[in-house]
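# Report on the structure
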Amino acid sequence: MIDVNDIRHQFPTLHQEVNGHPLVYLDNGATTHKPQVVIDAISHYYEKLNSNIHRGVHFLSQQATDAYEASRETIRQHLNAQHLHEIIFTKGNTEAINLVANGFRQILQEGDEVLVSAMEHHSNIVPWQMACQSSSATLKVIPMDEMGVLDMDSYKNLLSDKTKVVAVNHISNALGTINPVKQMIQWAHEVGAAVLIDGAQAGPHCSIDVQDLDADFYCISGHKVYGPTGIGALYGKEEWLKKLPPYQGGGEMIATVSFDKTTYADLPHKFEAGTPNIAGGIALKTAIDWINQIGLDNIVSYEKELVDYATEELSKIEGIRFIGQAQEKAGVISFIVGDIHPYDMGMILDKLGVAVRTGHHCAQPVMDQFCIPGTVRASFAVYNTKEDVNRLVEGVIKAQTMLS
Amino acid sequence: MASIQDIQQDIIDEFDMFEEWMGKYEHIIDLGKSLPLIEEQFKTKDNLIKGCQSRVWLHAQHKDGKVIYTADSDAIMTKGIIALLVRAFSEQKAQDIVEADTDFINQIGLKEQLSPTRANGLVSMVKQMKLYALAFQSQN
Ligand SMILES: Cc1ncc(COP(=O)(O)O)c(C=O)c1O
């Protein structure tokens, strides 16, 4: 069970007034707030440890390295990866996907195909477009229906021995749809394609087991799981990480350097050039430990209750249209009301102290498919309450009155 | 025709009557609803202003020594703000528009009332209006 009051107490940013109203924060899909323990972990690093990692023989460097590597182990366990060196620190999912897509530039050839879904975030589209462009491979799109559910028959038909990569999100940030990624991975493997799962939105809302999924690549973003910004993790199967060329060159990622030839470091360091976000890496462990202490299952069921309540209350509003009505959904409610522009709605909600995201949510193709300029998106975290939902609903009704 | 300065002062006085954001917003919404629409043929890609989060079209034309602006947006609040700008600048001489002070936007408290992204759009809109005026001015 969740004691939401106790949880809220741990989040200092939640306790403030915005435009004269107590803040209602429903933009968790963009980023979550951070519990005090995470903030403390960042301060602790700078106050007590601050040293570069993997380099010094001195005491502090060793301590910082141990803390950073302990985080890698926590992430490994959290994603149930087989090997520690299959976990690469990144600055977030955008970087993780670029790292993989960039590697595939050298693997893809003319005639090869990369599949992405119609509900991807731009960061899981553009890097693949770039990779296809420079390798003359073709990008193809797995379509979705009007409920915001991927068309699995089309997906099956798109798969062929030309397919080299399939890149899909586990949970859509624009629609909340939970995609059947295990099935998708299995089918992709039948034609020999590698699969990258963008787990940006899955991180906070479901438990992840990369071995059970049999994912080739899976990435999560720290700032969406109550951790710091500028840190994330990419899981890659050992065989794939060995195959891919390094993403960036520099310190940390080398074994030996001379002007004639450089040899690369072993995994995971091959993909971790330069001094990383050490404080972020350490505090990401704190965030994941924090989640596990509450229990991901508890979080999932509490959030489901909230989302169901919000959906029920919002559907009483005249003219509301939900964008994304999959059976399997998590964390997100996207909607528009009548012909009110989402920005107009968002601005008035902001004045009422309710923070939502408005616009295309970095998923313009989704908006094009539904022929809308964008949506209002309320996205939930474990610290939200039914009172938050009530404030949202009141705000939407008020905005509707003002705008029509 | 009143000068740009006089019109701006009128607008400032008008907004002074509202103490709360709600009144101001409702006024902007009303203004948005009354904005003369741009002709469909001018809602082109070329006339779209960059830097606005909602779509904004602005068309300008030079007639009898005066610049005439028409505009539209798919968001009503944005439309209201454009209505203010059109009111201040349309049917004025190009040179006056180029030289006009645009501080009235700050003075009616719009900039602080509006989100940063929106305020950026506002800046783009003003810039685009001035660019048109500058182009017409140099044609003469
Ligand atoms: C589905 C999805 N993919 C990728 C990203 C980008 O992640 P990051 O902010 O870590 O670069 C986001 C964040 O908005 C997202 O929601």
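This one's a predicted model, so the numbers in the text were calculated from it and none came from an experiment. (Residues numbered from 1 in each chain as written. Chains lettered and ligands numbered in written order. Predicted model: local features only at pLDDT ≥ 70, side-chain atom pairs only at ≥ 80, totals over all residues. Heavy atoms only, no water.)

## Concerning the packing of helix α4 (residues 93-104) of chain A against helix α5 (residues 126-135) of chain A
The geometry of a pair of packed helices is captured by two quantities: the angle between their axes and the separation between those axes. Residue and element names in this part refer to chain A. Closest axis-to-axis distance for the α4/α5 pair is 9 Å, and the angle between their directions is 15 degrees. Judged by the inter-axis angle, α4 sits roughly parallel to α5. Here α4 runs over α5; the crossing is right-handed. In contact with Ile97, Asn98, Val100, Ala101 and Phe104 of α4, α5 contributes Pro127, Trp128 and Ala131. For the contact of α4 with α5, the residue count by class is seven nonpolar, one polar and no charged. (Axes fitted to C-alpha atoms, helices over the stretch in contact; angles between N-to-C directions. Helix = DSSP H or I, 4+ residues; strand = E, 2+ residues; numbered from the N terminus. Parallel < 35°, antiparallel > 145°, perpendicular 65-115°, else oblique. Left-handed = near helix turned anticlockwise from the far one by under 90°. Contact = heavy atoms within 4.5 Å. Nonpolar A, V, L, I, M, F, W, Y, C, P; charged D, E, K, R; others polar.)

## Quick look at the site of the ligand
Residues and elements named next belong to chain A. Lining the immediate environment of the ligand, one finds Gly92, Asn93, Thr94, His121, Ser123, Asn173, Asp198, Ala200, Gln201, Ser221, His223 and Lys224. At a separation of 2.5 Å, a nitrogen atom of the ligand approaches a polar side-chain atom of Asp198. Within the contact set of the ligand, an oxygen atom lies 2.7 Å away from a side-chain nitrogen or oxygen of Lys224. Out of a free accessible area of 400 Å², the ligand has 87% covered by protein chains. (Near = heavy atom within 4 Å. Polar contact = N/O pair within 3.5 Å; in protein donor to acceptor, adjacent residues only side chain to side chain. Areas by Shrake-Rupley, 256 points an atom, 1.4 Å probe, with all protein chains shown as cover.)

## A short note on empty space enclosed by the protein
Per the stated rule, a full pass over the model turns up one cavity of 30 Å³ or more. Size it by volume and the largest cavity reaches roughly 30 Å³. Residues belonging to the lining of the largest cavity are distributed by class as follows: three nonpolar, two polar and two charged. (1 Å grid on protein atoms, 1.4 Å probe; cavity = no way out; pocket = protein on both sides within 12 Å on 5 of 7 lines; lining within 4 Å. Points joined across faces, edges and corners; volume = space filled by probe spheres on them.)

## Some words on the domain arrangement of chain A
All names here are of chain A. You can read the domains of chain A as domain 1 (4-30 + 295-403) and domain 2 (39-292). Between the C-alpha centres of domain 1 and domain 2 there is a distance of 28 Å. At the interface, 36 residues of domain 1 touch 33 residues of domain 2. For the pair domain 1 and domain 2, the number of links is zero salt bridges. (Domains from an automatic or database assignment. Salt bridge = Lys/Arg side-chain N within 4 Å of Asp/Glu carboxyl O.)

## Concerning the sheet that holds strand β8 (residues 194-198) of chain A
Residues and elements named next belong to chain A. Strands sit in the order β4-β10-β9-β8-β7-β5-β6 across an open sheet of seven strands; the sheet is mixed. The open sheet has two free edges, formed respectively by β4 (87-90) and β6 (138-142), since each of these has just one partner strand. Within this sheet the neighbouring strands show an average axis-to-axis angle of 20 degrees, counted without direction. Here four bridges tie β4 to strand β10 (residues 232-236), and the two strands are oriented antiparallel to one another. Among the inter-strand pairings, Phe89 is bridged to a residue of β10, identified as Ala233. (Pairing = 2+ DSSP bridges.)

## Observations regarding the interface of chain A and chain B
The accessible area lost on association of the parts is a frequent measure of interface size. Contacts between chain A and chain B engage twelve residues on the former and 17 residues on the latter. Carbon and sulfur atoms supply 65% of the area that chain A and chain B bury against each other, a total of about 1300 Å² over both sides. In terms of surface lost to chain B, no three residues of chain A exceed A:Met347, A:Lys351 and A:Met402, which account for 46% of the buried area on that side. Counting the contacts that link chain A with chain B gives zero salt bridges. Applying the counting rule to chain A against chain B returns three residue pairs in polar contact (both at pLDDT 80 or more). The set of elements that each furnish at least two residues to the side of chain A that touches chain B consists of α13 (342-351) and α15 (386-403) of chain A. In terms of residue count, the dominant contributor to the side of chain A that touches chain B is α13(A) (five residues). (Buried area = accessible area lost by both parts, 1.4 Å probe.)

## With respect to the packing of aromatic side chains
Counting across every chain of the model gives 15 aromatic pairs over all chains. Ring centres of A:Phe217 and A:Trp240 lie 6.1 Å apart, and the angle between their planes is 50 degrees; on these two criteria the pair is classed as tilted. Pair noted here: A:Phe217 is in strand β9 (residues 217-221) and A:Trp240 is in helix α10 (residues 238-243), with a separation of 23 residues, a long-range link. Between B:Tyr132 and B:Phe136, the aromatic rings sit 6.5 Å apart at their centres with planes inclined by 20 degrees, giving stacked as the arrangement. Taken together, the positions of B:Tyr132 and B:Phe136, both in helix α7 (residues 116-139) and four residues apart, correspond to about one turn of that helix. With relative accessibility at 18%, the residue B:Tyr132 sits in the buried group. Under the relative-accessibility criterion, B:Phe136 is labelled buried at 11%. Grouped by ring-pair contacts, the aromatic residues A:Phe11, A:Tyr226, A:Trp290 and A:Tyr383 constitute a single cluster. The ring of A:Trp240 has A:Lys243 sitting right over it, with the charged end atom 4.2 Å from the ring centre. Between the NZ or CZ atom of A:Lys386 and the centre of the ring of A:Tyr309, over which it lies, the distance is 5.0 Å. (Phe/Tyr/Trp six-rings, centres within 6.5 Å; stacked < 30°, edge-to-face > 60°. Buried < 20%, exposed > 50% of the residue type's maximum accessible area, 1.4 Å probe, protein only. Lys NZ or Arg CZ within 6 Å of the ring centre and 35° of its normal.)

## Brief notes about the pairing of strand β7 (residues 163-169) of chain A
Residues and elements named next belong to chain A. For β7, the buried fraction is high: six of the seven residues fall into the buried class. Where strand β5 (residues 113-117) and β7 come together, four bridges link them in parallel fashion. The partner of Val116 across the bridge, within β7, is Ala167. Across five bridges, β7 lies against β8 in parallel orientation. By the bridge assignment for β8, Val166 is matched with Val195. For the segment spanning β7, helix α7 (residues 181-190) and β8, crossover handedness is right-handed. (Right-handed = clockwise from strand over helix to strand, strands pointing away.)

## A closer look at the sheet that holds strand β17 (residues 375-379) of chain A
Residue and element names in this part refer to chain A. On the basis of which strands lie adjacent, the open sheet formed by four strands has the order β13-β14-β17-β16 and antiparallel pairing. The sheet terminates laterally at β13 (320-322) and β16 (357-359), the two strands that pair on one side only. Each strand of the sheet is rotated relative to its neighbour by a mean of 30 degrees, with strand direction disregarded. In the sheet, strand β14 (residues 332-337) pairs with β17 via four bridges, with the strands oriented antiparallel. Each bridged residue has a counterpart across the sheet, and for Ser334 the counterpart in β17 is Arg377.

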